[in-house]
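Coordinate inspection notes
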Amino acid sequence: EAQVTQNPRYLITVTGKKLTVTCSQNMNHEYMSWYRQDPGLGLRQIYYSMNVEVTDKGDVPEGYKVSRKEKRNFPLILESPSPNQTSLYFCASSSHRAGPGPQHFGDGTRLSIL
Amino acid sequence: GQQVMQIPQYQHVQEGEDFTTYCNSSTTLSNIQWYKQRPGGHPVFLIQLVKSGEVKKQKRLTFQFGEAKKNSSLHITATQTTDVGTYFCAGRRLIYNQGGKLIFGQGTELSVKP
């Protein structure tokens with residue numbers, strides 16, 4: 001089954017404790033992206049990757065890191081999480097080489113930073 | 001800040017009434033996508049519009065892309081309870097070094113009273 005898999009689905013942690021949210025897709029998609037969703041703000045793009053070893057900032061990259069060492073994986077790293085990063089996070093992928101085509105979303109990761 | 005504005009933020013309708021949500025961008029878009037997110041779920045791709053003035057239909061849903069490729073609308077005819085959810089537009093910028101970004105509107109939350 002074609003899917004985007006995120007882990008964990010839920011996480012409660014404390015300020016400053018490094019965490020990684022994994023994202024994996026099995027559709028051989030070139031484009032992958034991370035979004036955060038907050039009430040009233042919709043989805044905001046954090047980082048995206050057009051292909052392996054190619055990553056770029058979205059609109060809200062501060063406090064986040066990503067890597068794209070393999071085509072299927074695109075982990076999101078919070079080196080020193082802060083409470084303002086409490087949010088619902090979605091990973092997505094699409095097949096278009098030239099940019100963000102129709103996005104296939106994972107089920108989301110709800111992060112709470114205390 | 002957010003450069004794709006979507007209105008209204010909320011819409012409550014009686015079943016059978018029509019519904020429209022609008023998106024406006026401050027910059028020209030190369031394409032626009034529409035997504036639906038059911039409560040507790042992840043966004044699901046509905047459609048992509050690419051051409052100036054394009055109109056596409058999916059059963060009771062009609063999607064339009066403006067002539068200037070800066071605005072778009074989604075119209076649902078005769079809403080049903082299954083239409084409940086949040087509808088998002090997402091635009092890809094037509095700017096040389098930002099073509100990989102996808103900018104989402106804030107979303108319109110639709111509730112349908114039986």
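Shown above is the structure to which this text applies.
Here the structure is a predicted model, which means the values were calculated and not measured.

1. Quick word on the sheet that holds strand β6 (residues 55-58) of chain B
Within a sheet, neighbouring strands are paired by backbone hydrogen bonds and run either parallel or antiparallel to one another. Residue and element names in this part refer to chain B. Sheet architecture is open: five strands sit in the order β1-β3-β8-β7-β6, paired in antiparallel fashion. Both edges of this open sheet fall to β1 (4-7) and β6, since each of them pairs with a single strand only. Across the sheet, the mean angle from the axis of one strand to that of its neighbour is 15 degrees, orientation sign disregarded. For strand β7 (residues 61-65) and strand β8 (residues 71-76), the ladder comprises five bridges, and the chain directions are antiparallel. The residue bridging Q64 from the neighbouring strand is S73, located in β8.

2. As for the state of the cysteines
All names here are of chain B. Per the stated rule, a full pass over the model turns up two disulfides over all chains. Across the disulfide from C23 sits C89; the S-S distance is 1.8 Å. In this structure, the disulfide formed by C23 and C89 twists by about -95 degrees around the S-S bond and is classed as left-handed. Here the residue C23 occupies a position in strand β3 (residues 19-25), and C89 occupies one in strand β9 (residues 85-93), the gap between them amounting to 66 residues.

3. Some points on the side chain of S93(A)
Residue and element names in this part refer to chain A. The residue S93 is located in strand β9 (residues 87-94) in this model. Given the relative accessible area of 0%, S93 is considered buried. Here the side chain of S93 touches H29 through a polar contact of 2.8 Å, side chain to side chain. Not counting residues up to four positions away in its chain, the partners in contact with S93 are V4, Q25, M27, H29, Y31, M32, P102, Q103 and H104.

4. A word on the interface of chain A and chain B
Across the boundary between the two partners, chain A contributes 24 residues, which contact 21 residues of chain B. Where chain A abuts chain B, roughly 1800 Å² becomes buried across the two surfaces, and 53% of that area is made up of carbon and sulfur atoms. Of all residues in chain A, the largest losses of buried area upon contact with chain B belong to L43(A), P100(A) and F105(A), amounting jointly to 29% of the total for that side. At the boundary of chain A with chain B, the tally comes to one salt bridge.

5. Here we look at the nonpolar core
The nonpolar side chains of a soluble globular protein tend to be buried with one another. Counting residues in each nonpolar core, the largest one holds 20 residues, and the members touching the most others are I32(B), W34(B) and F63(B). Counting residues per element, the ones that place at least two in this core are β3, β4 (29-37), β5 (44-49), β7, β8, β9 and β11 (108-113) of chain B. Setting aside anything within four residues of it in sequence, one finds F63(B) in contact with W34(B), L46(B), I47(B), L49(B), E54(B), V55(B), K56(B), Q58(B), S73(B) and L74(B). In this structure, L19(A), M27(A), F74(A) and I113(A) belong to the second largest nonpolar core, which totals 19 residues.

6. A word on unusual backbone geometry
That bond from N7(A) to P8(A) is cis: its omega, -5 degrees, falls within 30 degrees of zero. Relative to the helices and strands, P8(A) is located in the loop between β1 (4-7) and β2 (10-13). Cis geometry marks the peptide bond from I7(B) to P8(B), where omega comes out at -5 degrees. With phi around 60 degrees, N28(A) is a residue other than glycine that occupies positive phi space. Looking at the secondary structure, you find N28(A) in the loop between β3 (19-25) and β4 (31-38). Of the residues examined, N28(A) reaches a relative accessible area of 53% and is grouped as exposed. Notably, K69(B) is not glycine yet its phi reads approximately 55 degrees, a positive angle. Inspection of the secondary structure assignment puts K69(B) in the loop between β7 and β8.

About the criteria used
Residues numbered from 1 in each chain as written. Chains lettered and ligands numbered in written order. Predicted model: local features only at pLDDT ≥ 70, side-chain atom pairs only at ≥ 80, totals over all residues. Heavy atoms only, no water. Pairing = 2+ DSSP bridges. Helix = DSSP H or I, 4+ residues; strand = E, 2+ residues; numbered from the N terminus. Axes fitted to C-alpha atoms, helices over the stretch in contact; angles between N-to-C directions. Disulfide = S-S within 2.5 Å. Buried < 20%, exposed > 50% of the residue type's maximum accessible area, 1.4 Å probe, protein only. Polar contact = N/O pair within 3.5 Å; in protein donor to acceptor, adjacent residues only side chain to side chain. Contact = heavy atoms within 4.5 Å. Buried area = accessible area lost by both parts, 1.4 Å probe. Salt bridge = Lys/Arg side-chain N within 4 Å of Asp/Glu carboxyl O. Core = buried A, V, L, I, M, F, W, Y, C linked by side-chain atoms within 4.5 Å.

Note that all results are geometric; they support no functional claim without further evidence.
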